[in-house]
Amino acid sequence: MNKFILTFSKSPSFRLITVFLMIALPFISLAQDVVITDGSVITCDGVFIDDGGTGGLPYTPGNDYTFTICPDNPGDVIQVSFVAFALYTSPNPNNSDRLFIFDGDDATATGLGSYTGNSLQGLPVTGTINNTSGCLTFVFDSNPNGPGTFPGWEAIISCTTPC
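The model shown is predicted, which means the values in this text are computed figures rather than measured ones.

Caption draft 1: Region of interest: the state of the cysteines. By the definition in use, this model includes two disulfides. Linked covalently through their sulfurs, cysteine 44 and cysteine 159 form a disulfide whose S-S length is 1.8 Å. Looking down the S-S bond of the cysteine 44 and cysteine 159 bridge, the torsion is -85°, so its handedness is left-handed. Taken together, the positions of cysteine 44 in the loop between strand S2 (39-42) and strand S3 (46-49) and cysteine 159 in strand S10 (residues 152-160) put the pair 115 residues apart, joining distant regions of the chain. With relative accessibility at 22%, the residue cysteine 159 sits in the partly exposed group. Linked covalently through their sulfurs, cysteine 70 and cysteine 135 form a disulfide whose S-S length is 2.0 Å. Taking the sign of the S-S torsion, 105° for the link of cysteine 70 and cysteine 135, the bridge is right-handed. Linking cysteine 70 in strand S4 (residues 64-70) with cysteine 135 in the loop between strand S8 (124-126) and strand S9 (136-141), this pair joins segments that are 65 residues apart in sequence.

Caption draft 2: Layout of the environment of proline 124. Take proline 124: it is sitting in strand S8. For proline 124, a relative accessible area of 48% translates into the label partly exposed. Each C-alpha atom of the pair proline 124 and serine 81 lies 3.9 Å from the other, and the pair is 43 residues apart in sequence. When near neighbours in sequence (up to four residues on either side) are disregarded, proline 124 contacts Gln79, Val80 and Ser81.

Caption draft 3: The arrangement of the sheet that holds S3 in detail. An order of S1-S3-S10-S5-S8 is seen for the five strands of this open sheet, with the pairing classed as mixed. If you trace the sheet from one side to the other, it starts and ends with strand S1 (33-35) and S8, each paired once. Recorded for the sheet is a direction-independent mean angle of 30° between the axes of neighbouring strands. With nine bridges connecting them, strand S5 (residues 77-86) and S10 associate as antiparallel partners. Its bridge partner being in S10, phenylalanine 85 is matched across the sheet by tryptophan 153.

Reading the values: rules and limits
Residues numbered from 1 in each chain as written. Predicted model: local features only at pLDDT ≥ 70, side-chain atom pairs only at ≥ 80, totals over all residues. Heavy atoms only, no water. Disulfide = S-S within 2.5 Å. Helix = DSSP H or I, 4+ residues; strand = E, 2+ residues; numbered from the N terminus. Buried < 20%, exposed > 50% of the residue type's maximum accessible area, 1.4 Å probe, protein only. Contact = heavy atoms within 4.5 Å. Pairing = 2+ DSSP bridges. Axes fitted to C-alpha atoms, helices over the stretch in contact; angles between N-to-C directions.

Dropping the structure here:
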């Protein structure tokens, strides 16, 4: 009869690294980048980013996107937690870059806000209990005459079950 025996090195640092990897690896490999475009995605895991991509590269001036994120679990709602958010704010507020968020599967749903500058930095946005689709819709308008040097955003996508 063959037995499988798992042994660890006697080194405390090896044990610590092994335990960390066993816990962290399942979470590291699952996230995908979800880049704003005209379209939609169904997911409860990923990083929602502007069209400049990851790494703080600037987003493209003069774009107008409508993008919807829906949960892959019926009954859940999308939550996006903005870990970085920096959009161009003009002295004339009508010329600022803006991210509009809607509580549903299109831009006719109830608005949750219009954001510019760093107003979403560090904040989560979650679909409400009244949102039967569970989706959030994002409309991004960037001024064609903006400086094109602002890093945009990165937000962690997750799903939650409303109370």
